[in-house]
Amino acid sequence: MDFALTTDQERFRRDLRTWLETTSLEVFGRVGLDPAGTSLLDVDDRQWERLLEYHRRLHRAGYVALHWPKEWGGAGAGPVEQAIYQDEVLRLGLPIYGANQLAIDRIGPTLILMGSDEQRRRYLSPMLSGDEIWCQGYSEPNAGSDLASLTTRAVLEGDHFVVNGQKVWTSIANRAHYQVLLVRTDPAAPKHKGISYLLVDMRTPGIPMRPLRQITGDAGFSEVFYDNVRVPRENLVGELNGGWQVSIATLMYERVSGGSRHPVAQMIDELIALSTRAEFSGIPAAQHPYVRQKLAQFKIEAECLRLSRYRTITRQLRGAIPGPESSFGKLFATELNLRAAMFADELLGLDGNLAPDSPFVREDGRWLRRTLGARGYTVAAGTSEIQRNIIAERVLGLPKG
Ligand SMILES: Cc1cc2nc3c(=O)[nH]c(=O)nc-3n(C[C@H](O)[C@H](O)[C@H](O)COP(=O)(O)OP(=O)(O)OC[C@H]3O[C@@H](n4cnc5c(N)ncnc54)[C@H](O)[C@@H]3O)c2cc1C
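Everything numeric in this text was worked out from a predicted model, so none of it was measured. (Residues numbered from 1 in each chain as written. Predicted model: local features only at pLDDT ≥ 70, side-chain atom pairs only at ≥ 80, totals over all residues. Heavy atoms only, no water.)

**Observations regarding the overall build of the protein chain**
Then, number 1: Per the secondary structure count, the protein chain includes 11 helices and 10 strands.
Then, number 2: Rg of the C-alpha trace for the protein chain: 22 Å, near the compact-globule value of 21 Å for 401 residues, within the 12% margin.
Then, number 3: Referenced to the eigenvectors of the C-alpha coordinate spread, the extents of the protein chain come out at roughly 75 × 50 × 50 Å.
Then, number 4: At a minimum sequence separation of 6, the contacts of the protein chain that also span at least 24 residues come to 73%.
Then, number 5: Element-wise, carbon and sulfur atoms account for 53% of the exposed surface of the protein chain, whose accessible area totals about 18800 Å². (Helix = DSSP H or I, 4+ residues; strand = E, 2+ residues; numbered from the N terminus. Rg over C-alpha atoms; globule rule 2.2 N^0.38 Å. Contact = heavy atoms within 4.5 Å. Areas by Shrake-Rupley, 256 points an atom, 1.4 Å probe, with all protein chains shown as cover.)

**Brief notes about a nonpolar patch on the surface**
Then, number 1: Residues Phe-328, Val-395, Leu-396 and Leu-398 make up a contiguous nonpolar surface patch of about 360 Å² in total accessible area.
Then, number 2: Note that Phe-328 resides in helix α9 (residues 326-348).
Then, number 3: Overall, Phe-328 belongs to the partly exposed group, its relative accessible area being 40%. (Patch = residues over 30% accessible without salt bridge, like charges linked within 9 Å, V, L, I, M, F, W, Y side chains within 5 Å. Salt bridge = Lys/Arg side-chain N within 4 Å of Asp/Glu carboxyl O. Buried < 20%, exposed > 50% of the residue type's maximum accessible area, 1.4 Å probe, protein only.)

**A few points about the nonpolar core**
Then, number 1: By size, the foremost hydrophobic cluster in this structure holds 73 residues, and its most contacted members are Met-127, Trp-134, Val-163 and Leu-198.
Then, number 2: For this core, the domains that each give at least three residues are domain 1 (7-99) and domain 2 (134-242).
Then, number 3: If you look at the next biggest cluster of nonpolar residues, it comprises 24 residues, including Ala-285, Leu-338, Ala-341 and Ala-374. (Core = buried A, V, L, I, M, F, W, Y, C linked by side-chain atoms within 4.5 Å. Domains from an automatic or database assignment.)

**A look at the environment of Asp-201**
Then, number 1: When you line up the elements, Asp-201 lands in strand β5 (residues 195-201).
Then, number 2: Contacts of Asp-201, omitting those with residues within four sequence positions, involve His-177, Tyr-178 and Ile-207.
Then, number 3: Among the polar contacts made by the side chain of Asp-201, one reaches the main-chain amide nitrogen of Arg-203 at a distance of 2.9 Å. (Polar contact = N/O pair within 3.5 Å; in protein donor to acceptor, adjacent residues only side chain to side chain.)

**What about the pattern of salt bridges?**
Then, number 1: Per the counting criterion, the structure on display carries 28 salt bridges.
Then, number 2: Measuring nitrogen to oxygen at the nearest pair gives 3.1 Å for the salt bridge that ties Asp-8 to Arg-11. Of the two residues, Asp-8 and Arg-11 are both situated in helix α1 (residues 7-28); the distance of 3 residues between them amounts to about one turn of the helix.
Then, number 3: One salt-bridge network, in which partners are shared between bridges, spans Arg-13, Arg-17, Glu-21, Glu-88 and Arg-91.

**Here we look at the domain arrangement of the protein chain**
Then, number 1: When its domains are assigned, the protein chain resolves into domain 1 (7-99), domain 2 (134-242) and domain 3 (262-395).
Then, number 2: Using C-alpha coordinates to define each centre, domain 2 is positioned 32 Å away from domain 3.
Then, number 3: Listed as interface residues are 4 residues of domain 2 and, on the opposing side, 5 residues of domain 3.
Then, number 4: Taken together, both faces of the contact between domain 2 and domain 3 bury some 370 Å²; the carbon and sulfur share is 62%.
Then, number 5: On the domain 2 side of the interface with domain 3, the three residues burying the most area are Ser-145, Ile-215 and Thr-216, jointly 86% of the side's total.
Then, number 6: Across the pair Asp-218 and Arg-369 runs a salt bridge, and its minimum N-O distance is 2.7 Å.
Then, number 7: The tally of links from domain 2 across to domain 3 stands at 1 residue pair in polar contact (both at pLDDT 80 or more). (Buried area = accessible area lost by both parts, 1.4 Å probe.)

**Some details on the site of the ligand**
Then, number 1: The full set close to the ligand counts 18 residues, and Ser-139, Ser-145, Ser-171, Thr-383 and Glu-385 are the nearest of them.
Then, number 2: Ser-171 places a polar side-chain atom, nitrogen or oxygen, 2.7 Å from a nitrogen atom of the ligand.
Then, number 3: Thr-383 has a polar side-chain atom sitting 2.7 Å from an oxygen atom of the ligand.
Then, number 4: For the ligand, whose unbound accessible area comes to 980 Å², protein coverage reaches 64%.
Then, number 5: Counting only elements with at least two residues in the shell around the ligand, the list comes to β3 (160-171) and α11 (384-395).
Then, number 6: Residue classes in the shell around the ligand are distributed as 8 nonpolar, 9 polar and 1 charged.
Then, number 7: For the shell around the ligand, the two domains that each supply at least three residues are domain 2 (134-242) and domain 3 (262-395). (Near = heavy atom within 4 Å. Nonpolar A, V, L, I, M, F, W, Y, C, P; charged D, E, K, R; others polar.)

**A word on the environment of Gly-165**
Then, number 1: Along the chain, Gly-165 falls in strand β3.
Then, number 2: Gly-165 sits in the partly exposed class, given a relative accessible area of 30%.
Then, number 3: Each C-alpha atom, one on Gly-165 and one on Arg-184, is 9.9 Å from the other, the two residues being 19 residues apart in sequence.
Then, number 4: Apart from residues lying up to four places away in sequence, Gly-165 is in contact with Thr-152, Val-224, Phe-225 and Tyr-226.

**Things to note about the environment of Arg-292**
Then, number 1: Relative to the helices and strands, Arg-292 resides in helix α8 (residues 289-317).
Then, number 2: For the pair formed by Arg-292 and Glu-88, sequence separation is 204 residues and the distance between their alpha carbons is 27 Å.

Here it is in C-alpha cells:
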C-alpha cells in the first residue's frame, strides 16, 4: 500500500487543518471540551450550543458528511480524503460528525440506502445542516442484546400507526427533534419478522421522558415512553414488518462509526506524555520496563486501528454496506480505549480517582472521567460479547455457542 499523498491531497490536508484549528478555537475556546474527545452524552447546555455552532460551520464548509453521495448533499469524497479528515479531526479530539452524529453516521446512510425518495428529500438536508437532531430508539428494558424481543407496539389505524411502550438508554433523546423507532407491528409473527422501522417526530403528543444519570454524573440518555403516539404511515421505512433488515443496516453503520470515531491514538499519545511526568514503583514511569512495554503495545494497536479504518473506508466507497466485519473495529477500538484509560488509572494510582474539583487533583481529573466513561462504549451499539459472537458465527463460520 502506498501512503504518499498527491499534491491535491496535501493541499486538502493543509486547508482542512487550518480550518479545523481556527474554527475549533473560535467556537470552543475555553468551554472545556475534552481534548481526547467529547461524547455527545457528556456535554452541558452551554457546550451543546457551541457544538451546534461548530456543526453549522462544518456544514457550511462542506465537511460535515464527506462520505455521503453528492446527490444527497454529501461531498462524495474519495477514501484518501476521508482518511485525512478522520486523522485530522481525531488529532484535535473534535466530534467527527458535529452535533448530529447519529443522523450523519448511521440514520442518513440508512435512508439513502433503504428510505423512499420522499423520505430522503424531506429528512436528509436538515440532518446535514443540524436543524433537525436525531436519536435512536432501539433498546428496551427487556430487549438490549436480544433486540428482536422488543415489545413497543404499533397498531396501524387508518393512515397512522398508534405507538405504545417504552425505550431506554436513548442517547440525546432530550435534545433530539426526530427519532428512528423500532416497533412491533405483528406480535403473532416470529420475532424478527414482526418489527417495523418508523421515523418519529419527538414533539408529537404522548412522548414523556426521564433522564438517566451515568456514573460520570452526566445525564445524556433517557427513558422514553410512548402513550398512544400517532405516527403517519408514510414515516414507515421499508416494508411493514420488514424493519429488522433496516435496523441491521443502521447497526452496521453504527459499528463502523464506533470503530472509527474514538480518538484512541490521541489518548495514547497523552498517556505517553503522562509517563514522562509520573512516577511508577519509585522511578520515573517512562523508564520503568513494564510501563514502556504497555505504552509500546498501545501505540502498535492504535496504529493497527488506523490502518483498519482505511480499509473500512475503502470498502464503503466501493458501494458495499458494512457487513459483520464492522464488529472488528467496534470491538477493538472500544476495548483499546478502555484498557488505555484503565492504564492511566494504574499510572496515577489513587490520585487518579480524585474528582476534578479536588484541590489535590492531577491532570485536571480528566482521566477519571475517561475511565468511568470508557466501559459504556464497550456496551453501546452491541456489547463486546455480542461483537465476539458475531465475529465467531458470521465472519469465522463457527457454530453457535
Ligand atoms: C453509552 C451508551 C449509549 C447508548 N445509546 C443508546 C441509544 O441511543 N439507543 C438505544 O436504543 N440504545 C442505546 N444504548 C443501549 C445499548 O444498545 C444496550 O445497553 C446494549 O445493547 C446492551 O443491552 P442491555 O443493556 O440490555 O444488556 P443485556 O443485553 O441485558 O446484557 C447484559 C450482559 O449479558 C451479556 N450477554 C447478553 N447476551 C449475550 C449472549 N448472547 N452471549 C454472551 N453474552 C451476552 C452482555 O454482553 C452483557 O454483558 C446505549 C448504551 C450505552 C452504554
